[in-house]
Amino acid sequence: MAFITASKRCIAAEGCPRTVSTALLVVASAFALASLAGLEYRINDDVGMRFIAEAIIGEAGQSQFLIFQNVLVGLLLQALYAIAPALPWYDLLLAAGTVAGALLCELALLRLCTNLREMLFCAALGLTFFTPVFHALQFTASAMLLGAGATLTLVSLMSVPANTRLGLWAAAAAIVVAFVGAAAVRFQGALLGMLLVLPLVALFGVIRRGEVQWAPVAALVCAFLASLLLQGWDNRYYANAPGWETFREHSREVARAGEYAFPDRLQRQRWELALAAARWSENDYLALSGWLFQNREVFSTERLKRFSNLAPARPVAERLGSLSRRVLAVPENPAWIVPVFCLAAALLRRSLTGMAGVLLSVVAALGAAAAMAVLFKSGFRHLLWPFYGVVALTGTAAIFGQRPGAPQNGSRAPEQGMVAAAVLVCVAGLMLSQVREVFARAASSDELRRRVDHDVAAWPLRPDSVVIVWDHNFPFETWVRPFRAVDPMLRRFPHLNAPSLSPLLKPFYAQWGTSDAAWAMCHVPGVLRVADDRLGLAEPQTRVLESWMREHYQEEAEVIPAFRGEVLSLYACRALPAETGRRQ
């Protein structure tokens, strides 16, 4: 009883050392475990942005154009690298944002705890979800945690109001800084993190009407409006930068026609009409959807728009079905952990009314996932851990945010103690199993890294060779490690993704005399194509390349294996006959 009384006083006192120190300990422990396993990147977009920030791709004067993050972040990194170029500033900011988001989430949850058992539960919850997020760093996950942390802070203050003016304004400032920072890192991620928690804000606003402190609410609204202004400034910066004026519009149209499209090719008449409007063949669309879209004449903005406006889309039900299939196909899918933690929280607090908030959170999560699948794409497997982590944190906040019930009489206390002990043992076991999975995935990455090192060391490259990475055919996210130096040979690995539409690859295009990477692969000596044999993309890409050269240059392409390794293979291409054809 003494600890319960002390905990309640701790909650009432803003910045209670026990609450803050516990949150710091949980987050620090999760990061330490992830570091012990070995930090890595979750996807290759972060590797690409690090390359841009460090001028490995493009030139030093272009390092602020991170493509996927707001140019404000790029300008900050540019200044930091100018001050201390030897420090891994991109990784430091990426890790700092992720840790800050996790800390805000954990602190918001711990403020709702009334006893040691609940604090231990929140610690286990944080370690379970934060450790895998820290292990595989990813910028959208960082933005999600920051956005969710800002909104959960509001929820926490609605349930347990601040009782000092200093604490209230400090929390409001944290909400603004966290959400605006999240929007600068990835606006869509910040918005998703906020939307997952926002229904709980509405629920507590109704339950606690008359008790709500409006400063944090106003802070979140102002932060959202500021993030919109920041997005507008980012667009204007690109529009006024020489060489980048049309990049945003063109890249949006490429994504709309390719990555975000879900065309129904069975509607042959409408499908062929859309291809005819863009003056494309079936192979041209395969090239576009497979990231071979660098030819600015074939894939001009106007032709992309004409195609997208006429292409038949598959029904919404099919897109949702594709989402569920992709998510369920993930071996380490953590979806089942969410209801386990929410049920455990309900047993600890002995609150069935809190399950209504949990249900609301789950419905909001399903709605957000469905909206992403319909409006954008169904493949967001890289966001499962932060996504489910935010849902679990929100569900727990829905339960712990309820008013504690009356103490049980003496006859029921031992029974409740046994239930609480059983719950804590179960969640501790679950936490340990998930941490062990992180170490298992890290060991698998280490083995892949060893095999890739072996292959790359044996590549028969000349000093002027260029290795084109078409689609995801090189495991950048595994081979390149956070906080570690980058192999200089990666400067010769142009990746055919979103940055290839920008001036960042201009040095390669100038050397080749064209931006058509397909033509360069078949005509420029020393230009090779790498293929990750695990993905099975080599043969389909060879067919696309052969058809492309035949249709656009009236040449036959002969693809020649140049190297076969444990994981990676290299391919050369030679155009027949020898004439160079028409460059575009």
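Please refer to the structure higher up on the page.
The paragraphs below set out a description of the structure included in this document. Since the structure is predicted, the reported quantities are computational estimates derived from the model, not experimental observations. (Residues numbered from 1 in each chain as written. Predicted model: local features only at pLDDT ≥ 70, side-chain atom pairs only at ≥ 80, totals over all residues. Heavy atoms only, no water.)

## Looking at empty space enclosed by the protein
Now for step 1: This model, assessed by the stated rule, comprises 2 cavities of 30 Å³ or more.
Now for step 2: Computed from the structure, the largest cavity encloses a volume of approximately 100 Å³.
Now for step 3: Lining the largest cavity are Asn 44, Gly 48, Phe 51, Ile 57, Phe 476, Phe 493, His 495, Asn 497, Pro 499, Ser 500 and Leu 505.
Now for step 4: In terms of residue count, helix 3 (residues 44-53) provides more of the lining of the largest cavity than any other element does, 3 residues in total.
Now for step 5: Partitioning the lining of the largest cavity into residue classes produces 6 nonpolar, 5 polar and no charged.
Now for step 6: By volume, the second largest cavity is sized at about 30 Å³. (1 Å grid on protein atoms, 1.4 Å probe; cavity = no way out; pocket = protein on both sides within 12 Å on 5 of 7 lines; lining within 4 Å. Points joined across faces, edges and corners; volume = space filled by probe spheres on them. Helix = DSSP H or I, 4+ residues; strand = E, 2+ residues; numbered from the N terminus. Nonpolar A, V, L, I, M, F, W, Y, C, P; charged D, E, K, R; others polar.)

## Some points on the sheet that holds strand 7 (residues 568-576)
Now for step 1: Pairing in this open sheet of 5 strands is mixed, and the strands run 4-3-5-7-6 from one edge to the other. Whereas interior strands pair on both sides, the edge strands pair on one side only; in this sheet they are strand 4 (495-496) and strand 6 (556-564).
Now for step 2: Where strand 6 meets strand 7, 8 bridges bridge the pair, whose relative direction is antiparallel. Bridging from a neighbouring strand, Glu 558 pairs with Arg 574 of strand 7. (Pairing = 2+ DSSP bridges.)

## Topic: the nonpolar core
Now for step 1: By size, the foremost hydrophobic cluster in this structure holds 190 residues, and its most contacted members are Phe 121, Trp 280, Phe 307, Phe 387, Trp 459, Phe 474 and Trp 512.
Now for step 2: Counting residues in each nonpolar core, the second largest holds 5 residues, with Leu 157, Ala 162, Leu 168 and Ala 215 among its members. (Core = buried A, V, L, I, M, F, W, Y, C linked by side-chain atoms within 4.5 Å. Buried < 20%, exposed > 50% of the residue type's maximum accessible area, 1.4 Å probe, protein only.)

## Let's talk about the side chain of Asn 295
Now for step 1: Summarising the element assignment, Asn 295 is placed in the loop between helix 13 (282-289) and helix 14 (301-310).
Now for step 2: A relative accessible area of 1% means that Asn 295 is categorised as buried.
Now for step 3: Here Glu 297 takes part through its backbone nitrogen, which lies 3.0 Å from a polar atom of the side chain of Asn 295. (Polar contact = N/O pair within 3.5 Å; in protein donor to acceptor, adjacent residues only side chain to side chain.)

## Overview of the state of the cysteines
Now for step 1: Overall, the coordinates contain 1 disulfide when judged by the stated rule.
Now for step 2: Between the sulfur of Cys 522 and that of Cys 573 lies a disulfide, 2.3 Å long from S to S. Here Cys 522 and Cys 573 share a disulfide; its torsion about the S-S bond, 75°, makes the bridge right-handed. Linking Cys 522 in helix 22 (residues 517-523) with Cys 573 in strand 7, this pair joins segments that are 51 residues apart in sequence.
Now for step 3: Judged by relative accessible area, which is 6%, Cys 522 ranks as buried.
Now for step 4: For Cys 573, a relative accessible area of 13% gives the class buried.
Now for step 5: Take Cys 122: it sits in no disulfide, and the sulfur closest to it among the cysteines is that of Cys 113, at 3.5 Å.
Now for step 6: Cys 342 takes part in no disulfide bond, and the closest cysteine sulfur to it belongs to Cys 122, at a distance of 12 Å. (Disulfide = S-S within 2.5 Å.)

## Here's the deal with helix 18 (residues 384-400)
Now for step 1: The end-to-end C-alpha distance of helix 18, which contains 17 residues, comes to 24 Å, matching closely the 24 Å that a straight helix rising 1.5 Å per residue would cover.
Now for step 2: With 17 of its 17 residues buried, helix 18 lies for the most part within the structure. (Expected span 1.5 Å × (residues − 1).)

## Quick look at the packing of helix 9 (residues 187-207) against helix 10 (residues 214-240)
Now for step 1: Between helix 9 and helix 10, the shortest axis-to-axis distance is 11 Å and the interhelical angle comes to 155°. Taken together, the axis directions place helix 9 and helix 10 in an arrangement best described as roughly antiparallel. Pair helix 9 / helix 10 crosses with left-handed handedness. Contacts from Phe 187, Leu 191, Met 194 and Leu 198 in helix 9 reach Leu 220, Phe 224, Ser 227, Leu 228 and Gln 231 in helix 10.
Now for step 2: For the contact of helix 9 with helix 10, the residue count by class is 7 nonpolar, 2 polar and no charged. (Axes fitted to C-alpha atoms, helices over the stretch in contact; angles between N-to-C directions. Parallel < 35°, antiparallel > 145°, perpendicular 65-115°, else oblique. Left-handed = near helix turned anticlockwise from the far one by under 90°. Contact = heavy atoms within 4.5 Å.)

## Topic: the pattern of salt bridges
Now for step 1: Across all of its chains, the model carries 18 salt bridges by this definition.
Now for step 2: The salt bridge partner of Arg 450 is Glu 566, with a shortest N-O separation of 3.8 Å. Of this pair, Arg 450 sits in helix 19 (residues 413-457) while Glu 566 sits in the loop between strand 6 and strand 7, and the two are 116 residues apart along the sequence.
Now for step 3: The class for Arg 450 is partly exposed, based on a relative accessible area of 42%.
Now for step 4: By relative accessible area, which is 37% here, Glu 566 ends up partly exposed.
Now for step 5: In this structure, a network of salt bridges that share partners links the residues Glu 447, Arg 450, Arg 451 and Glu 566. (Salt bridge = Lys/Arg side-chain N within 4 Å of Asp/Glu carboxyl O.)

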